[in-house]
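# Architecture at a glance
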Amino acid sequence: MPPIAQYVFNGVVTGGILALPAVAFSLLWRLLRFPNFAVSTYLTVGAYVALVLNHGVRASIELAWLGALVVTGALALLVDRIAFRPMRDRRPFSLAIASIGVAFVLENVVRFVWGNDFRSYDVPVTRGMSVAGLRIGRDQLLILGVAVVLMALAQAFLLRTRLGIAMRATADNPRLAAVKGVPTERVIALATLGGGGLAGGAGVFLGLDASIDPLMGGGLIISVFAAAILGGIGSAPGALAGALIVGIMEEVGMLVVPPTYKTAIGFTIILAVLLVRPTGLAGARS
Amino acid sequence: MTALLEVHELSAGYGDSDILHGLSLRVDDGELVAVIGPNGAGKSTLLKTLAGLVRPRSGRIALRGADITGAGTRRIVASGLCYVPQEANVFPSLSVWENLTIGAWTAPGASNERARAVVDLFPVLAERRRARAGTLSGGERQMLAMAMALMVEPRLLLLDEPSAGLAPALQRLVFDRVREINARGLGILLVEQNARESLALCQRAYVLAMGRVRAEGAGGALRDDPEIRRLYLGG
Amino acid sequence: MTTMTRRELLKASGTAGLVLSAPAILSAQSKEPIPIGTLCPLTGAGGSYGPDMQRSVVAVVERINKAGGINARPIQLFHEDDQTNAEAGVRAARKLIDVNKVVAIVSTWASAVTLAVKPLCVEARVFVIGVSGADSVTQGDHKGYIARTQPNTNLQGRMYAKFAVSKKEWKRVAYMALQTPYAQSFGDAFTGVLKAAGVTITDSLIYEDKKPSYRSEVTRVLATNPDLIMLEGYTPDSVVMAKDIYRAAYKGAVLAPSFAINAKFIEGVGAEVAEGIWNMDRAPLFDSPAYKEFSAAVPRGDQSPYAPQAWDQMTLVALALAAAKGEASGTVIKDNLRTVSNPPGTVVYSFADGARLLGEGKKINYEGASGSCDFDQIGDILSAPFSVQQVRKGKSELVMIINP
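Residues numbered from 1 in each chain as written. Chains lettered and ligands numbered in written order. Predicted model: local features only at pLDDT ≥ 70, side-chain atom pairs only at ≥ 80, totals over all residues. Heavy atoms only, no water.

## What to know about the overall build of chain B
Scanning chain B for helices and strands turns up 10 helices and 10 strands. A compact globule built from 235 residues should have a C-alpha radius of gyration of about 18 Å, and chain B, at 17 Å, falls within 12% of that. In terms of overall dimensions, chain B has C-alpha extents of about 50 × 40 × 35 Å along its principal axes. The buried share of chain B, reckoned over its 235 residues, is 54%. Partitioning the intrachain contacts of chain B with sequence separation of at least 6 by distance along the chain shows that 67% fall at a separation of at least 24. Split by element, the accessible area of chain B, about 9700 Å² in all, is 47% carbon and sulfur. When the 28 basic and 25 acidic side-chain charges of chain B are each reduced to a single mean position, those positions are 3 Å apart. (Helix = DSSP H or I, 4+ residues; strand = E, 2+ residues; numbered from the N terminus. Rg over C-alpha atoms; globule rule 2.2 N^0.38 Å. Buried < 20%, exposed > 50% of the residue type's maximum accessible area, 1.4 Å probe, protein only. Contact = heavy atoms within 4.5 Å. Areas by Shrake-Rupley, 256 points an atom, 1.4 Å probe, with all protein chains shown as cover. Lys, Arg positive; Asp, Glu negative; His and termini not counted. Charge placed at Lys NZ, Arg CZ, Asp CG, Glu CD.)

If you want it as structure tokens, here you go:
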């Protein structure tokens, strides 16, 4: 048996990628009061946007990543305008169902344009290095690093900037925020843009780490959902912690249950959290 | 003289039904005006309509002569009218200080100085400036809600039942602050369940029933009116 | 892409029709044609294989009809597209059975399709022969109406193991398989042969599809220090797996099925990661005269792993009908399949030779383009040659053929 530390590290990398969509999913849920399942599809969209840039115009992967961030954010905004904004006052359940519909449409647009086949970026795979008995991939380290920086930026934005405070205020009570003069629709647009961007960027990471196919993002939704619930809806650090825990449990869980039950681990976490501590780790009210 | 707030023949409501039926009232500069009346009289709806949360169907609202009928919340708050809802009037997951920052949203310029000035009025908020508003006591929360409203240096404050749900000692404290704010020259339109207290506090008052003004007059006069006493003050 | 092949197929079908009328004038004017259906995937996931299979069947029928048909009756082909979809396959099979009254359906591809049309065909006494690999295809009570030229997973597992055993340096072998209905049976056959040969099986791991990474699966398997990892998956998961194996700095060998280690795979992981990966596939019988005739008759047929099998399937059906002397039905095909394909008998490599010997009352044993085509009682082939390839500088190169 390899040291458990290797599994934990593997889980940290998985969790790092998971954290970006989990934070986006969690914040948007709090802000707009419904779980937006289309967020997982933004990963797929981001991965394909970067693919087009990387293969089509031969952009470096760094540039393609930035492009994916911007384009996916813009797409998320467009989707919000077309699909969710007209439904702003509907019940969360209706909006959640609408988001599943949006995810379905986006996924099929991707299939229609790029086909069902998987793709890969024009980036060589590198051998991992050995650090203190741990096998650590360079790409994974880089992905983890960028994910952590993005999380820190998101958190700094939310805590330190006026707009960030306004976003949290809008999430708390949109009517009161409006009474105080906060332009809530613009705050929502900004959050959608940022959330879509984070998810799109994570999609590129996922494509680099594994491969790109139309179902890549949709397949993650259970893990993203579990991370957001575990962290407490609306808490960015909570979602980060939730993502890391889900990632680690999925990997370390292999020591206890067969690998074919990986997805079941996410479900189990969701169930356990809902039963034991519905407010999640951060304990924010929803 | 132009009134601070002039409401003329205002009708408003939710869905298909009107709550306010051609209601008229005015508040003059620096005046403390109370609105009393039974449950369902339309007191809260009146404030929400003035704040821009409910769209008026007909009538006219003017603030210092400027027509703000049907204006958005942003424009209304920017023109000096500030509304403090009865419930959910602070952001629970934000700190006290952050709440004040949002309170000053439309006038960010001198936010810090104003916050200091406002906190002078409510010293307890200075002690708890880093606490999350959700952890404040009911009285502290009410202070914070008023403090937030003062952050934009409004000309007119709309207070929706600031004493609701508070212990008598705290109620007194809240009314003291209301009086103090008014003494600084702010117009206040105060909606209260506690009619006795608010009639004692105000210069003038309106009695609302079924979305219409039933009576109006000086606070003391209304309090001594046997008809009003019988109907709204419980004998 | 798809429309191109469709257009080509229309042309091919037209040709078959012309060919059909030619022998009718020559020898079989009064004889009613024997209707036979093809049910290949012309679209969908199998869309890159179906057209070549259909071309092979058309080429065989062209030859049979030119030589005077089966007992002077020509074959009339009816082509349907199963869209690599069970539902579409069933609709198409219904049409072939009810409208065209076919006696046999040849060249089904996806296991899901074959399994779906199986009950219909058994009930209508229509013979089905295809290239589907799932064990369940030939299981159950099908009364002999089902057969296939594709090895079942047990035979595949044994052939992969035969190659692994031949490499003496592979003393410790780990088995990793994607969760599929045949991961277990393939693994049992594969590890069974290896264990019997004294090779240590260090780990057996079945993994889930559509996971963003297989890092921990690889961690677990590499901790057992294997010399060889047998990776039984499809292309998409094999790409992720191969990347993770490479990143984990594994220095041993990897063996996988060729249908996973294809050009898409190499493009997906890059030549560096793919370098040295062994892969195996069911091979045609390159030395067989039947294969030579097939590759001359079917353009680009040598590029398709299934076209030689389709060639043999059509030939076998025709020979079984020829052996029946008169009646043409699904029942006589299933009753005569083994008499024309299995030993004893004179070895023949084409319909013409086989039909002539049958006419003389002799026993025959057809040896085809895809292998020796000997069937067991449930309709599985007993043996098949396999090719071993290795990825070298971004291309899979043929290393050897393993014969049964």
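## A few points about the interface of chain A and chain B
With 20 residues of chain A at the interface, the matching set in chain B holds 26 residues. Where chain A abuts chain B, roughly 2100 Å² becomes buried across the two surfaces, and 62% of that area is made up of carbon and sulfur atoms. When residues of chain A are sorted by the area they lose upon contact with chain B, A:Arg162, A:Val179 and A:Lys180 head the list and together hold 33% of the total. The tally of links between chain A and chain B comes to one salt bridge. We note a salt bridge from B:Glu98 to A:Arg168, for which the minimum N-O separation is 2.7 Å. Summed over the shared surface of chain A and chain B, the result is six residue pairs in polar contact (both at pLDDT 80 or more). (Buried area = accessible area lost by both parts, 1.4 Å probe. Salt bridge = Lys/Arg side-chain N within 4 Å of Asp/Glu carboxyl O. Polar contact = N/O pair within 3.5 Å; in protein donor to acceptor, adjacent residues only side chain to side chain.)

## So, the interface of chain A and chain C
Of the residues lining the interface, 34 residues belong to chain A; the matching set on chain C comes to 30 residues. Counting each side, the surface lost to burial between chain A and chain C is near 3000 Å², with a carbon and sulfur contribution of 54%. Taken as a group, A:Phe118, A:Val125 and A:Arg127 account for 25% of the area that chain A buries against chain C, more than any other trio of residues on that side. Viewed at the interface, chain C and chain A are joined by four salt bridges. When residues of the side of chain A that touches chain C are traced back to their parent elements, those giving at least two are α1 (4–32), α5 (138–160), α8 (184–209) and α11 (262–276) of chain A. Broken down by element, the side of chain A that touches chain C gets its largest block of residues, five residues, from α1(A).

## A look at the arrangement of the chains
Counting contacts across all two pairs of chains found in contact, the highest total belongs to chains A and C. One thing to see here is that chain B and chain C don't touch, and their nearest C-alpha atoms sit 35 Å from each other.

## A look at the nonpolar core
Grouped together as the largest cluster of nonpolar side chains are 135 residues, with contacts concentrated most on A:Phe25, B:Ile102, B:Phe122, B:Leu144, B:Leu157 and B:Ile181. Tallying contributions element by element places α1(A) first for this core, with 12 residues. Those residues in contact with B:Phe122 that lie beyond four places of it in its chain are B:Met143, B:Met146, B:Ala147, B:Leu150, B:Arg177 and B:Ile181. Membership of the second largest hydrophobic core comes to 96 residues, among which are C:Val58, C:Ile70, C:Ile75 and C:Ala92. (Core = buried A, V, L, I, M, F, W, Y, C linked by side-chain atoms within 4.5 Å.)

## Topic: a nonpolar patch on the surface
There is a patch of nonpolar side chains on the surface, built from A:Ile4, A:Leu255, A:Val256, A:Val257 and A:Tyr261 and spanning about 470 Å² of accessible area. For A:Val256, a relative accessible area of 71% corresponds to the exposed category. (Patch = residues over 30% accessible without salt bridge, like charges linked within 9 Å, V, L, I, M, F, W, Y side chains within 5 Å.)

## As for the sheet that holds strand β3 (residues 104–108) of chain C
Residues and elements named next belong to chain C. Reading across from one edge, β2-β1-β3-β4-β5 is the order of the five strands in this open sheet, with parallel pairing throughout. The sheet terminates laterally at β2 (75–81) and β5 (146–148), the two strands that pair on one side only. Each neighbouring strand pair of the sheet contributes to a mean axis angle of 20°, computed without reference to strand direction. Relative to β5, strand β4 (residues 127–130) is paired through three bridges, and the arrangement is parallel. Note that in β5 the partner of Val 128 across the bridge is Ile 146. Lying on the sheet, helix α12 (residues 307–324) is in contact with β1 (34–40), β2, β3 and β4; it crosses β3 at an angle near 165°. (Pairing = 2+ DSSP bridges. Axes fitted to C-alpha atoms, helices over the stretch in contact; angles between N-to-C directions.)

## Considering the pairing of strand β14 (residues 395–402) of chain C
Both faces of the sheet carry side chains from a regular strand, because those side chains alternate between them. Residue and element names in this part refer to chain C. In terms of strand pairing, strand β13 (residues 386–392) meets β14 through seven bridges, oriented antiparallel. Bridge pairing in β14 links Gln 390 to Glu 397. Turn length for the β13-β14 hairpin, with the two strands adjacent in sequence and antiparallel, is two residues, and the turn residue Lys 393 shows positive phi of about 50°.

## So, the pairing of strand β10 (residues 278–282) of chain C
Residues and elements named next belong to chain C. Among the five residues that make up β10, four are buried, leaving the element largely enclosed by the rest of the structure. Direction of pairing for strand β9 (residues 253–257) relative to β10: parallel, over a ladder of three bridges. Among the inter-strand pairings, Leu 255 is bridged to a residue of β10, identified as Trp 278.

## Points about the packing of aromatic side chains
The final tally for this structure, using the stated rule, is 24 aromatic pairs over all chains. On the basis of an interplanar angle of 20° and a centroid distance of 5.8 Å, the ring pair of A:Trp65 and A:Phe205 is categorised as stacked. Here A:Phe205 lies in helix α8 and A:Trp65 lies in helix α3 (residues 61–84), a separation of 140 residues in the sequence. A relative accessible area of 15% places A:Trp65 in the buried class. For A:Phe205, a relative accessible area of 5% corresponds to the buried category. Measuring from centroid to centroid gives 5.9 Å for C:Tyr234 and C:Phe259, while their planes differ by 45°, and the two rings are tilted. In this pair, C:Tyr234 is assigned in the loop between β8 (228–232) and α8 (235–247) and C:Phe259 in the loop between β9 and α9 (263–269), connecting sequence segments 25 residues apart. By the ring-pair criterion, three or more aromatic residues cluster together here, those being C:Tyr160, C:Tyr175, C:Phe186, C:Phe190 and C:Phe386. Note that C:Lys167 overlies the ring of C:Trp170, its terminal NZ or CZ placed 6.0 Å from the centroid. It is C:Lys264 that lies over the ring of A:Phe118; its NZ or CZ is 5.8 Å from the centre. (Phe/Tyr/Trp six-rings, centres within 6.5 Å; stacked < 30°, edge-to-face > 60°. Lys NZ or Arg CZ within 6 Å of the ring centre and 35° of its normal.)

## A look at the confidence of the model for chain A
Caution is warranted with low-pLDDT regions, since their predicted coordinates should not be read in detail. On average, chain A scores 91 in pLDDT, and the residues at 70 or more come to 98%. Within chain A, no element has a lower average pLDDT than strand β1 (residues 129–131) of chain A, which sits at 84, and none a higher one than α3(A), at 96. (pLDDT = per-residue confidence, 0-100.)

## Focus: the pattern of salt bridges
Scanning the entire structure with this criterion turns up 35 salt bridges over all chains. Of the charged contacts, one joins B:Arg114 and B:Glu153 as a salt bridge, the two residues approaching to 3.7 Å between their closest N and O atoms. Residue B:Arg114 is located in helix α4 (residues 111–121), and its partner B:Glu153 is located in the loop between α6 (138–150) and β7 (156–160); the two are separated by 39 residues in the primary sequence. B:Glu153 gets classed as exposed once you look at its relative accessible area, which sits at 55%. One salt-bridge network, held together by shared partners, links A:Asp139, A:Asp209, C:Arg215, C:Asp244 and C:Arg247.

## Things to note about the sheet that holds strand β4 (residues 56–63) of chain B
Residues and elements named next belong to chain B. Read across the sheet, four strands follow the order β2-β1-β4-β5 without closing on themselves; strand pairing throughout is antiparallel. What marks the edges here is a single partner per strand, and that holds for β2 (17–27) and β5 (66–67). Strand direction decides the pairing type here: strand β1 (residues 5–14) and β4, joined by six bridges, are antiparallel. Residue pairing for β4: Ser 11 is matched across the bridge by Ser 58. Against the sheet, helix α1 (residues 43–51) engages β1, β2 and β4, with an angle of about 110° to β1.

## Describing the packing of α5(A) against α8(A)
Residues and elements named next belong to chain A. Axis separation between α5 and α8 bottoms out at 11 Å; the angle between their running directions is 170°. In terms of orientation, α5 lies roughly antiparallel with respect to α8. Note on element contacts: α8 touches α5 through Leu 190, Leu 198, Phe 205 and Asp 209, opposite Gln 140, Ile 143, Val 146, Ala 147, Leu 150 and Phe 157. A breakdown of the residues in the contact of α5 with α8 according to their chemical character gives eight nonpolar, one polar and one charged. (Parallel < 35°, antiparallel > 145°, perpendicular 65-115°, else oblique. Nonpolar A, V, L, I, M, F, W, Y, C, P; charged D, E, K, R; others polar.)

## A word on α1(B)
Residues and elements named next belong to chain B. Buried residues dominate α1, accounting for seven of its nine residues. Those residues of α1 that fall on the buried side of the exposure criterion are Lys 43, Thr 45, Leu 46, Leu 47, Thr 49, Leu 50 and Ala 51. Looking one or two residues beyond α1, the residue adopting positive phi is Gly 52, at roughly 95°.

## Here's the deal with the environment of B:Leu186
All names here are of chain B. You can see Leu 186 is positioned in the loop between α7 (168–183) and β8 (187–191). As a C-alpha pair, Leu 186 and Leu 150 span 36 residues in sequence and 9.6 Å in three-dimensional space. Those residues within four positions of Leu 186 in sequence are excluded, and the remaining contacts are Gly 30, Glu 31, Leu 150, Pro 154, Arg 155, Leu 157 and Ile 181.

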